[in-house]
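So the chains spell out like this:
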Amino acid sequence: MTNTTKILNQAVADLYTARIALHQVHWYMRGTGFMEWHPKVDRYMDGLAEILDELSERLITIGGKPYSTLTEFLQHSNIEEVPGEFKSVEASLKRVIDIFNYLVGLFEEGMEIADEEGDNVTNSLFEDAKGNLEKDIWMLSAELGLAPQLQREKTTTALKEA
Ligand SMILES: [Fe+2]
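Residues numbered from 1 in each chain as written. Predicted model: local features only at pLDDT ≥ 70, side-chain atom pairs only at ≥ 80, totals over all residues. Heavy atoms only, no water.

A. View of the side chain of Q24. Looking at the secondary structure, you find Q24 in helix α1 (residues 3-28). Given the relative accessible area of 16%, Q24 is considered buried. (Helix = DSSP H or I, 4+ residues; strand = E, 2+ residues; numbered from the N terminus. Buried < 20%, exposed > 50% of the residue type's maximum accessible area, 1.4 Å probe, protein only.)

Below, the structure is given as C-alpha coordinates:
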(Lines give C-alpha, C1' and ligand atoms only; values in the text may rest on other atoms or scores of the structure.)
Protein backbone atom coordinates (compact mmCIF):
# COMPACT_ATOMS: atom_id res chain seq x y z
CA MET A 1 0.00 0.00 0.00
CA THR A 2 1.40 3.40 -1.00
CA ASN A 3 0.80 6.70 0.74
CA THR A 4 -1.23 7.72 -2.30
CA THR A 5 -3.64 4.81 -1.79
CA LYS A 6 -3.82 5.68 1.93
CA ILE A 7 -4.71 9.32 1.36
CA LEU A 8 -7.21 8.37 -1.35
CA ASN A 9 -8.95 6.07 1.11
CA GLN A 10 -8.89 8.78 3.76
CA ALA A 11 -10.67 11.02 1.26
CA VAL A 12 -13.21 8.26 0.57
CA ALA A 13 -14.11 7.99 4.28
CA ASP A 14 -14.21 11.77 4.72
CA LEU A 15 -16.23 12.50 1.59
CA TYR A 16 -18.84 9.94 2.50
CA THR A 17 -19.14 11.34 6.00
CA ALA A 18 -19.17 14.91 4.66
CA ARG A 19 -22.03 14.01 2.37
CA ILE A 20 -24.08 12.72 5.31
CA ALA A 21 -23.21 15.85 7.31
CA LEU A 22 -24.46 18.01 4.44
CA HIS A 23 -27.67 16.03 4.26
CA GLN A 24 -28.17 16.95 7.91
CA VAL A 25 -27.53 20.63 7.10
CA HIS A 26 -30.02 20.39 4.19
CA TRP A 27 -32.73 19.07 6.51
CA TYR A 28 -32.02 21.06 9.67
CA MET A 29 -31.70 24.64 8.42
CA ARG A 30 -34.41 27.09 9.36
CA GLY A 31 -35.09 30.77 8.88
CA THR A 32 -34.39 33.46 6.32
CA GLY A 33 -32.55 32.08 3.32
CA PHE A 34 -33.97 28.57 3.66
CA MET A 35 -35.71 28.58 0.27
CA GLU A 36 -32.46 29.49 -1.45
CA TRP A 37 -29.97 27.41 0.52
CA HIS A 38 -31.93 24.21 1.09
CA PRO A 39 -31.70 23.29 -2.63
CA LYS A 40 -28.13 24.61 -2.94
CA VAL A 41 -26.91 22.26 -0.22
CA ASP A 42 -28.48 19.47 -2.24
CA ARG A 43 -26.20 20.42 -5.12
CA TYR A 44 -23.16 20.49 -2.85
CA MET A 45 -24.05 16.93 -1.83
CA ASP A 46 -24.12 15.91 -5.47
CA GLY A 47 -20.73 17.54 -5.94
CA LEU A 48 -19.23 15.61 -3.03
CA ALA A 49 -20.73 12.36 -4.33
CA GLU A 50 -19.04 12.94 -7.69
CA ILE A 51 -15.64 13.58 -6.11
CA LEU A 52 -16.13 10.51 -3.90
CA ASP A 53 -16.83 8.31 -6.90
CA GLU A 54 -13.87 9.70 -8.88
CA LEU A 55 -11.40 9.18 -6.04
CA SER A 56 -12.73 5.70 -5.14
CA GLU A 57 -12.42 4.54 -8.72
CA ARG A 58 -8.93 6.01 -9.01
CA LEU A 59 -8.03 4.07 -5.86
CA ILE A 60 -9.23 0.83 -7.45
CA THR A 61 -7.43 1.71 -10.67
CA ILE A 62 -4.09 1.93 -8.85
CA GLY A 63 -4.66 -1.34 -6.98
CA GLY A 64 -6.35 -0.19 -3.77
CA LYS A 65 -9.60 -1.09 -2.04
CA PRO A 66 -11.90 1.80 -1.10
CA TYR A 67 -13.77 1.67 2.18
CA SER A 68 -17.34 0.71 1.34
CA THR A 69 -19.27 0.16 4.55
CA LEU A 70 -20.83 2.69 6.91
CA THR A 71 -18.72 1.25 9.73
CA GLU A 72 -15.51 1.82 7.79
CA PHE A 73 -16.47 5.35 6.74
CA LEU A 74 -17.25 6.34 10.31
CA GLN A 75 -14.23 4.60 11.78
CA HIS A 76 -11.77 6.29 9.43
CA SER A 77 -13.28 9.73 8.85
CA ASN A 78 -11.89 12.73 10.71
CA ILE A 79 -15.14 14.67 10.29
CA GLU A 80 -17.00 14.63 13.57
CA GLU A 81 -20.72 14.02 13.48
CA VAL A 82 -22.98 16.34 15.44
CA PRO A 83 -26.51 15.63 16.69
CA GLY A 84 -29.30 16.93 14.44
CA GLU A 85 -30.55 20.28 15.78
CA PHE A 86 -32.44 22.93 13.84
CA LYS A 87 -30.09 25.80 13.05
CA SER A 88 -30.16 29.20 11.37
CA VAL A 89 -29.08 29.36 7.76
CA GLU A 90 -25.96 31.25 8.87
CA ALA A 91 -24.92 28.55 11.37
CA SER A 92 -25.71 25.91 8.76
CA LEU A 93 -23.49 27.55 6.14
CA LYS A 94 -20.67 27.89 8.66
CA ARG A 95 -20.80 24.15 9.21
CA VAL A 96 -20.52 23.62 5.44
CA ILE A 97 -17.55 26.01 5.26
CA ASP A 98 -15.79 24.13 8.10
CA ILE A 99 -16.30 20.78 6.39
CA PHE A 100 -15.14 22.13 3.02
CA ASN A 101 -12.07 23.70 4.65
CA TYR A 102 -11.11 20.37 6.17
CA LEU A 103 -11.51 18.68 2.78
CA VAL A 104 -9.43 21.37 1.03
CA GLY A 105 -6.60 20.72 3.52
CA LEU A 106 -6.86 16.99 2.92
CA PHE A 107 -6.84 17.40 -0.86
CA GLU A 108 -3.80 19.65 -0.59
CA GLU A 109 -2.03 16.88 1.30
CA GLY A 110 -3.26 14.38 -1.29
CA MET A 111 -1.74 16.49 -4.06
CA GLU A 112 1.63 16.58 -2.31
CA ILE A 113 1.70 12.86 -1.57
CA ALA A 114 0.62 11.89 -5.10
CA ASP A 115 3.25 14.25 -6.46
CA GLU A 116 6.00 12.73 -4.29
CA GLU A 117 5.03 9.27 -5.52
CA GLY A 118 4.89 10.36 -9.16
CA ASP A 119 1.13 9.82 -9.58
CA ASN A 120 0.13 12.87 -11.55
CA VAL A 121 -3.35 11.60 -12.39
CA THR A 122 -4.27 11.37 -8.70
CA ASN A 123 -2.55 14.71 -8.14
CA SER A 124 -4.74 16.27 -10.77
CA LEU A 125 -7.96 14.72 -9.39
CA PHE A 126 -7.16 16.17 -5.97
CA GLU A 127 -6.28 19.50 -7.57
CA ASP A 128 -9.62 19.77 -9.42
CA ALA A 129 -11.57 18.78 -6.33
CA LYS A 130 -9.67 21.35 -4.28
CA GLY A 131 -10.30 24.15 -6.78
CA ASN A 132 -14.02 23.42 -6.84
CA LEU A 133 -14.37 23.41 -3.06
CA GLU A 134 -12.28 26.56 -2.72
CA LYS A 135 -14.69 28.33 -5.04
CA ASP A 136 -17.63 27.09 -2.98
CA ILE A 137 -15.91 28.34 0.19
CA TRP A 138 -15.49 31.77 -1.39
CA MET A 139 -19.19 31.94 -2.30
CA LEU A 140 -20.41 30.65 1.06
CA SER A 141 -18.14 33.10 2.88
CA ALA A 142 -19.31 35.99 0.68
CA GLU A 143 -22.91 35.10 1.54
CA LEU A 144 -21.98 35.50 5.23
CA GLY A 145 -20.11 38.78 4.57
CA LEU A 146 -16.73 37.14 5.18
CA ALA A 147 -13.56 36.85 3.17
CA PRO A 148 -12.72 33.25 2.31
CA GLN A 149 -10.24 31.86 4.84
CA LEU A 150 -8.77 28.88 3.14
CA GLN A 151 -7.05 26.38 5.29
CA ARG A 152 -3.40 26.07 4.45
CA GLU A 153 -2.23 23.79 7.23
CA LYS A 154 -2.00 20.15 6.45
CA THR A 155 -4.41 17.75 8.05
CA THR A 156 -1.83 16.03 10.17
CA THR A 157 -4.24 13.38 11.35
CA ALA A 158 -5.11 12.31 7.83
CA LEU A 159 -2.91 9.25 7.85
CA LYS A 160 -3.37 8.25 11.47
CA GLU A 161 -5.42 5.14 10.71
CA ALA A 162 -3.46 4.07 7.69
FE1 LIG B 1 -34.08 17.17 -0.06
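Having put the structure on the table, let's press on.
B. Here's a closer look at the packing of aromatic side chains. Across all of its chains, the model carries four aromatic pairs by this definition. Taking the centre distance of 4.1 Å and the plane angle of 15 degrees together, the rings of Y16 and F73 count as stacked. Note that Y16 is positioned in helix α1 and F73 in helix α3 (residues 70-76), a separation of 57 residues in sequence. Of the residues examined, Y16 reaches a relative accessible area of 25% and is grouped as partly exposed. Under the relative-accessibility criterion, F73 is labelled buried at 8%. Ring centres of F107 and F126 lie 5.8 Å apart, and the angle between their planes is 40 degrees; on these two criteria the pair is classed as tilted. (Phe/Tyr/Trp six-rings, centres within 6.5 Å; stacked < 30°, edge-to-face > 60°.)

C. Seen up close, the nonpolar core. L15, L22, L55, F100, L103 and F107 are the most contacted members of the largest nonpolar core, which has 43 residues in total. Broken down by secondary-structure element, the contributors of at least two residues to this core are α1, α2 (34-61), α4 (89-116) and α5 (120-143). With 13 residues, the top contributor of residues to this core is α4. Once residues lying within four places of it in the same chain are set aside, the contact partners of F107 are A11, L15, I51, L55, F126, A129, K130 and L133. (Core = buried A, V, L, I, M, F, W, Y, C linked by side-chain atoms within 4.5 Å. Contact = heavy atoms within 4.5 Å.)

D. Highlighting the pattern of salt bridges. One pass over the full model with this rule turns up five salt bridges. R58 is the partner of D119 in a salt bridge, and the nearest nitrogen-oxygen pair spans 2.9 Å. Of this pair, D119 sits in the loop between α4 and α5 while R58 sits in helix α2, and the two are 61 residues apart along the sequence. Assigned by exposure class, D119 and R58 land together as buried. With a shortest N-O distance of 3.1 Å, E134 and K130 are connected by a salt bridge. Linking E134 with K130, this pair stays in helix α5, spanning four residues, or about one helical turn. Judged by relative accessible area, E134 falls into the buried class, the value being 18%. With relative accessibility at 10%, the residue K130 sits in the buried group. (Salt bridge = Lys/Arg side-chain N within 4 Å of Asp/Glu carboxyl O.)

E. Fine view of the environment of D53. With respect to the secondary-structure elements, D53 resides in helix α2. Residue D53 is classed as partly exposed on the basis of its relative accessible area, which comes to 42%. Measuring from C-alpha to C-alpha, the distance between D53 and Q24 comes to 21 Å, with 29 residues separating the pair along the chain.

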